[in-house]
Amino acid sequence: MDKNNIFGFHSSFYYFGLQHLVLNMYNYIKDGIDKNEKIYVCMAPGVYSELIKYLSDICGFSYIKNFNVHKMIDYYDKLDLTEIRTKLSKHIDEIIENGYSGIRFIIQTDYVILSSSREYFIDFNRSILYIISGLKVSSMSLYDFEDYLKHKYIIDDEIILESYRVHPYRLYNGSLQNCCGLSHSK
């Protein structure tokens, strides 16, 4: 695995509390900025605000954009996967023309589920690898492990097991690790 090039990676991060999330996303986003990548995050407004407080010291906000979850849902509902891939490819070309090397998407799972449905998220998450394969883009889904261990309100056994199925990589101890032995197909 080339840790300097994560394009095409569909990874996961299991966080325990807001501070754990912010600390790890700070480092992950800083790595993307250091590699001149555009960073798109889809997070609950409060989580995004907390993250931005910490990131303000390392970059101008031209690198980071919080994208609208409802726009993402709308695209996924109205377009087939090939159309989404084509639109994304054109957007990547524009991003590269503007001087970036590629894109990192970071998606807060529970925020997407609350904004749509569990079924939507599971289907969408299964499709990401196809959508980004071969493009200068990576995607990371964030899972609230505190909810999973304590309550299972949103992140329950089904969501966690599905995450193990669809993510070939996970962020662990500050770096992306290959999840060997897992099935990575639909």
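Report on the accompanying structure. Note that the structure is predicted; figures quoted are calculated from it, not measured. (Residues numbered from 1 in each chain as written. Predicted model: local features only at pLDDT ≥ 70, side-chain atom pairs only at ≥ 80, totals over all residues. Heavy atoms only, no water.)

Brief notes about the nonpolar core
- Counting residues in hydrophobic clusters, the biggest one holds 61 residues, and the most contacted among them are M25, I29, M43, M72, I106 and L142.
- Leaving out residues up to four positions away in the same chain, I106 has contacts with M25, Y28, I29, I39, Y40, V41, C42, M43, M140 and L142. (Core = buried A, V, L, I, M, F, W, Y, C linked by side-chain atoms within 4.5 Å. Buried < 20%, exposed > 50% of the residue type's maximum accessible area, 1.4 Å probe, protein only. Contact = heavy atoms within 4.5 Å.)

Things to note about a positive patch on the surface
- A cluster of like positive charges, contributed by K65, K71, K87 and K90, occupies part of the molecular surface.
- One can find K87 in helix α4 (residues 81-97). (Patch = residues over 30% accessible without salt bridge, like charges linked within 9 Å, V, L, I, M, F, W, Y side chains within 5 Å. Areas by Shrake-Rupley, 256 points an atom, 1.4 Å probe, with all protein chains shown as cover. Salt bridge = Lys/Arg side-chain N within 4 Å of Asp/Glu carboxyl O. Lys, Arg positive; Asp, Glu negative; His and termini not counted. Charge placed at Lys NZ, Arg CZ, Asp CG, Glu CD. Helix = DSSP H or I, 4+ residues; strand = E, 2+ residues; numbered from the N terminus.)

Digging into unusual backbone geometry
- A positive phi is found at K152, a non-glycine position, where the angle reads about 60°.
- In this fold, K152 is placed in the loop between α7 (145-150) and α8 (157-166).
- Take K152: its relative accessible area is 37%, and that puts it in the partly exposed class.
- For N173, which is not a glycine, the phi torsion comes out positive at approximately 50°.

So, the side chain of S138
- Tracing the backbone through its elements, the reader meets S138 in strand β5 (residues 137-144).
- On the basis of relative accessible area, S138 is assigned to the buried category, the value being 1%.

Focus on the environment of L129
- Topologically, L129 is positioned in helix α6 (residues 118-132).
- Overall, L129 belongs to the partly exposed group, its relative accessible area being 26%.
- For the pair L129 and N98, spaced 31 residues apart in sequence, the C-alpha separation works out to 25 Å.

Points about empty space enclosed by the protein
- For the coordinates displayed, the defined rule picks out one cavity of 30 Å³ or more.
- The wall of the largest cavity is formed by F121, I122, N125, Y143, I159, E162 and S163.
- The residue inventory of the lining of the largest cavity, partitioned by class, reads four nonpolar, two polar and one charged. (1 Å grid on protein atoms, 1.4 Å probe; cavity = no way out; pocket = protein on both sides within 12 Å on 5 of 7 lines; lining within 4 Å. Points joined across faces, edges and corners; volume = space filled by probe spheres on them. Nonpolar A, V, L, I, M, F, W, Y, C, P; charged D, E, K, R; others polar.)

Details of the packing of helix α3 (residues 69-78) against α4
- Contact pair α3 / α4: the axes reach a minimum separation of 8 Å and the direction vectors enclose 130°. The angle between the axes of α3 and α4 places the two elements in the oblique class. Contact with α3, carried on its side by Y75, Y76 and K78, involves L81, E83, I84 and K87 of α4 and no other residues of that element.
- Its residues assigned to classes, the contact of α3 with α4 shows four nonpolar, no polar and three charged. (Axes fitted to C-alpha atoms, helices over the stretch in contact; angles between N-to-C directions. Parallel < 35°, antiparallel > 145°, perpendicular 65-115°, else oblique.)

Describing α3
- Where α3 is concerned, the buried positions are V69, M72, I73 and Y76. The arc that holds every buried residue of α3, seen down its axis, measures 100°, which confines them to one face. Exposed residues on α3 whose side chains face more than 90 degrees from its buried face are H70, K71 and K78.
- Considering only its buried residues, α3 is in contact with β2 (37-42), α4, β4 (102-108), α5 (109-115) and α6. (Arc of directions from axis to C-beta.)

The values are spatial; any link to function lies outside them.
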